[in-house]
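# Survey of secondary and tertiary structure
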Amino acid sequence: MNSKKRAVPGIRHYDGPAGGWGALKATAIAVRTQMDALDAPATLLRTNQPDGFDCPGCAWPDKEHKSTFQFCENGAKAVTWEATSKRVTPAFLAENTVTDLLAKSDFELEGYGRLTHPLRYDRESDTFRPVEWGEAFARIGEILRGLEPDQVEFYTSGRASNEAAYLFQLFAREYGTNNFPDCSNMCHEATSTGLPRSIGIGKGTVSLDDFDKTELVISIGHNPGTNHPRMMGTLHELARRGVPIIVFNPLRERALERFADPQSVIEMATYGSTDIASTYYQVKAGGDAAALKGIAKYLLEMDNALDSDFIAEHTQGFEAFAADITQTAWEAIESGSGLTRAALKSVAEAYAKSSATIITYGMGITQHNKGTANVRLIADLLLLRGNIGKPGAGICPLRGHSNVQGNRTVGITEKPTAAFLSRIKDVFGFTPPAKHGHDAVQATQAMIDGSAKALLALGGNFAVAMPDHENGFPAMRKLDLSVHVGTKLNRTHLLVGKETYILPCLGRTELDMQRTGRQSITVEDSMSMVHASSGKLKPASPLIRSEPAIVAGMAKAALPHSSVPWMTLIEDYDAIRDLIEQTLPGFEDYNARIRIPGGFRMPLPPTERVWPTATGKAMFSVFDGVEENARGEGDNVLRLITLRSHDQYNTTIYALDDRYRGVFGRRDVLFMNEGDMAALGLEHGDRVDIETALPGSRQRLDDITVVAYSIAPGSVGAYYPEANVLVPLDYLDKESGTPSYKSVPIRVTLRSKEIRAL
């Protein structure tokens, strides 16, 4: 940021690299403010170790455990946030009404600490009061038995273990519904929908070993320094050995520019750093497809750039794909992407030169109204040069929560396959429902229109994570029943229905003792590795229970004639894994294989060039809509990208700083391109109101401070989840149901000249 700009409180230029001493300082602060000084070192050193616990942060896989520690700054924040010594006790809740707590920020709510007792909302006093576990389960079961199954929404956060998620889906299906809104619906549902159509499986195809063999990485629509920070170690290694990393991102993100590895003695001692991106293209928000089409257009024109043998043997649909690319005009590509022909030609030439390319992508690709088509277009680009199913190459969707992919693998889906339902019937003796259930948007709409009567949430902050708070928040209050399994208070817990329960659960860091002894749970990372996780810390309270135990308790109470031995299953989680093995392919010898350090990899047929599609081939697609994006939605319309700060993970806010972007102690900012500011008559530090620029929409976010930033022209950025109020519930990718958090048409208005002068 320019030093000539007027001073704005909490906004100052940060010149350091990602990582480095800044990361170590932030880690030390997190430890000092949250954890017991004696527990902290041993706990952090057990993070991502074979005999320890899986980090509750990102889903980046573990390398061989050769370094001193296997956690990053944001991982340390996640661990200390969970292992905090702060407590939310019954005495605290008796002194703080729900009305008063709702006036607090999300940061303040979670900052109060760990929940210690099962709780029930008392309407007369407007407080949460302790309740016995048995009483809570009995009442929850009684209410559920009085409802129709499809009136209940079973929500799952990506932090839930495979074991808890499997029991949860079993509970819901025996109860009689496939209503499974989950956090994947909000982030990578476009991947889960698009990739099966392209390559036959809704997961990435690369491993960490592939990054050791790759010749080029193309990084699209993600900020690894904040959202999957352990990836920075891999990118750092690639950059230092000279592998080109081409970045497409609307914002200049520090972690994609330069990084100092805290485990590098030389970089730490010399205050040095490593440049990450070899080339950085600031694509317009929503312009990724246009950029990808431009790269493909050049490849089709080059001599010998395509892997014709691979295309002929392994794919279908190439002719239609090529015809569409050829017919797409350069004017539309440049306008839609915000990039020049020369820039896209340069990328195409680098791609054609590489014999092994990995494309990584995040929610900058999926959270658009063309998210599924975006994902398929990335697959198309890889198929053109045979970059799936060979060493050092493939597609790499970057998951957020550490087990969001595992939840989907073990059955958390509103669209179950007939084969899975058949195995459920064979093993458990009941007929599960076949009708597709609600995803997250459909569940919210059902609450709004009153057809949903209950929400059972296995973790998460559902209402806050969803768009359209103006309608979603009141809908939560109309529910007959809301049940929240969690570790800390959040805003969704406080949107109380007729009856509301908060059931406190163990965290990843804590010792889980059941009748047969210490238990391990399992998780699946972004590269399909399944491994064990086992905490050792003393639980935050003797009254909290594990997630599997809580799910089993609710299921037994709601289904008194169930054929599932719920209470027996939680005595030893090996029994749950035995059932997973019996009902899901890929989990053969489950219990034996998770006892091997590092675990095992789930089957990925495309890595062997086997394509489980309807045709038995990898399928090219035809993307329609680049011209539509180029036209926009009217005069003075900008496209809003919702962003996480560096002190944040999903809806969890660890602190109010966003160090790499130069924001400290606040979150009420709008990042803008200086050219757009000048065109609208705005200055750095102005206070503005934002309104959604879609027909019939009235969403607003008022009194936000403009911050000049290096962001693509026509694009603006504001923090998630606060800016979710600007996202209409029906502004989504119709193929996957994913809300378009990353490309919302908006207009910005100066509040008043008098306010500017303040």
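The structure we're discussing is the one just above.
Residues numbered from 1 in each chain as written. Predicted model: local features only at pLDDT ≥ 70, side-chain atom pairs only at ≥ 80, totals over all residues. Heavy atoms only, no water.

Within the element layout of this structure, Thr492 appears in helix H27 (residues 491–494). Looking at Thr492, its side chain comes within polar contact range of the main-chain nitrogen of Phe462, at 3.4 Å. Discounting residues that sit within four places of it in the chain, Thr492 has contacts with Asn461, Phe462, Ala463, Val464, Met476 and His484. (Helix = DSSP H or I, 4+ residues; strand = E, 2+ residues; numbered from the N terminus. Polar contact = N/O pair within 3.5 Å; in protein donor to acceptor, adjacent residues only side chain to side chain. Contact = heavy atoms within 4.5 Å.)

A cis amide bond, omega 10°, links Tyr720 with the succeeding residue Pro721. Inspection of the secondary structure assignment puts Pro721 in the loop between strand E30 (715–719) and strand E31 (744–750). In this model, Asp468 sits at a positive phi of 55°, which is unusual for a non-glycine residue. Note on placement: Asp468 falls in the loop between helix H25 (462–465) and helix H26 (469–477). Look at Asp468 and you get buried, because its relative accessible area is 8%. Phi at Asn650 takes a positive value of approximately 50°, unusual for a residue other than glycine. Relative to the helices and strands, Asn650 is located in the loop between strand E25 (648–649) and strand E26 (652–653). (Buried < 20%, exposed > 50% of the residue type's maximum accessible area, 1.4 Å probe, protein only.)

Right, let's get into the sheet that holds strand E21 (residues 529–533). Read across the sheet, three strands follow the order E20-E21-E22 without closing on themselves; strand pairing throughout is antiparallel. The sheet is open, and its two borders are formed by strand E20 (521–524) and strand E22 (600–601), each paired with just one other strand. Relative to E21, E20 runs antiparallel, the two sharing four bridges. Looking across to E21, one finds that Val523 is bridged to His531. Strands in contact with helix H8 (residues 162–175) are E20 and E21; relative to E20, the strand with the most contacts, it is inclined by about 90°. (Pairing = 2+ DSSP bridges. Axes fitted to C-alpha atoms, helices over the stretch in contact; angles between N-to-C directions.)

Quick look at the packing of helix H15 (residues 288–301) against helix H17 (residues 318–327) now. Running from N to C, H15 and H17 point in directions that differ by 105°, and their axes come no closer than 9 Å. Considering the angle they form, H15 stands roughly perpendicular to H17. Across the interface between the two elements, Lys293, Ala296, Lys297 and Leu300 from H15 touch Phe318, Phe321, Ala322, Asp324, Ile325 and Thr326 from H17. In terms of residue class, the contact of H15 with H17 is built from six nonpolar, one polar and three charged. (Parallel < 35°, antiparallel > 145°, perpendicular 65-115°, else oblique. Nonpolar A, V, L, I, M, F, W, Y, C, P; charged D, E, K, R; others polar.)

It is worth spelling out the state of the cysteines at this point. One way to say it: the disulfide is the covalent bond shared by the sulfur atoms of two cysteines. The final tally for this structure, using the stated rule, is zero disulfides. Summary of cysteine pairing: Cys183 is not part of a disulfide, and the nearest cysteine sulfur, belonging to Cys187, is at 5.4 Å. For Cys187, a relative accessible area of 11% puts it in the buried group. (Disulfide = S-S within 2.5 Å.)

Looking at where Thr177 falls in the secondary structure, it is placed in the loop between H8 and helix H9 (189–199). One polar contact links Thr177 to Asp150, side chain to side chain, over a distance of 2.8 Å. If we ignore the near neighbours within four places in the chain, the residues touching Thr177 are Pro149, Asp150, Val152, Phe154, Ala172 and Pro433.

Topologically, Ser736 is positioned in the loop between E30 and E31. With a relative accessible area of 3%, Ser736 lands in the buried category. In this structure, the C-alpha to C-alpha distance between Ser736 and Asn185, residues 551 residues apart in sequence, is 7.7 Å. Beyond its immediate stretch of four places on either side in the chain, Ser736 contacts Glu189, Ala190, Thr193, Thr372 and Asp439. Within polar-contact distance, the side chain of Ser736 engages the side chain of Asp733 at 2.7 Å. Only 2.8 Å separates the side chain of Ser736 from the side chain of Thr738, close enough to count as a polar contact.

Summarising burial for helix H12 (residues 231–240): seven of the ten residues are buried, a large majority. Burial in H12 covers these residues: Met231, Met232, Thr234, Leu235, His236, Leu238 and Ala239. Gly242, located one to two residues past H12, shows a positive phi value of around 85°.

Turning next to the sheet that holds strand E9 (residues 258–260). Spatially, the three strands line up as an open sheet ordered E1-E9-E10, and their pairing is mixed. Of all the strands in the sheet, the pair left with one neighbour each is strand E1 (18–19) and strand E10 (274–275). Here E1 runs beside E9; their pairing, made up of two bridges, is parallel. When the bridges of E9 are listed, Gly19 appears paired with Ala260.

In the structure shown here, the tally under the stated rule is 21 aromatic pairs. For the ring pair Phe154 and Phe171, a centre distance of 5.3 Å and an interplane angle of 85° mean the geometry is edge-to-face. One end of the pair, Phe154, is in strand E6 (residues 152–156); the other, Phe171, is in helix H8, and 17 residues separate them in sequence. For Phe171, a relative accessible area of 0% translates into the label buried. Taken together, a centroid distance of 6.3 Å and an interplanar angle of 50° make the contact between Phe154 and Phe180 tilted. Here the residue Phe154 occupies a position in strand E6, and Phe180 occupies one in the loop between H8 and H9, the gap between them amounting to 26 residues. Classification of Phe154 as buried rests on a relative accessible area of 0%. Accessibility expressed as a relative area gives 0% for Phe180, which makes it buried. Looking at Arg12, its charged tip hangs above the ring of Phe664, at a distance of 3.8 Å from the centre. (Phe/Tyr/Trp six-rings, centres within 6.5 Å; stacked < 30°, edge-to-face > 60°. Lys NZ or Arg CZ within 6 Å of the ring centre and 35° of its normal.)

This next bit is on a negative patch on the surface. Judged by side-chain charge, Asp578, Glu581, Glu588 and Asp589 come together as a negatively charged surface patch. By the secondary structure assignment, Asp578 is in helix H30 (residues 573–583). By relative accessible area, which is 36% here, Asp578 ends up partly exposed. (Patch = residues over 30% accessible without salt bridge, like charges linked within 9 Å, V, L, I, M, F, W, Y side chains within 5 Å. Areas by Shrake-Rupley, 256 points an atom, 1.4 Å probe, with all protein chains shown as cover. Salt bridge = Lys/Arg side-chain N within 4 Å of Asp/Glu carboxyl O. Lys, Arg positive; Asp, Glu negative; His and termini not counted. Charge placed at Lys NZ, Arg CZ, Asp CG, Glu CD.)

We now examine the pattern of salt bridges. Per the counting criterion, the structure on display carries 34 salt bridges. Taking the shortest distance from any N to any O, the salt bridge between Arg408 and Glu189 comes out at 3.0 Å. With Arg408 in helix H22 (residues 404–409) and Glu189 in helix H9, this pair connects stretches of sequence that are 219 residues apart. Each member of the pair Arg408 and Glu189 is classed as buried. Linking Arg661 and Glu253 is a salt bridge whose minimum nitrogen-to-oxygen distance equals 2.7 Å. You can see Arg661 sitting in the loop between E26 and strand E27 (669–672) and its partner Glu253 sitting in the loop between strand E8 (245–248) and helix H13 (254–257), a full 408 residues away along the chain. For Arg661, a relative accessible area of 4% corresponds to the buried category.

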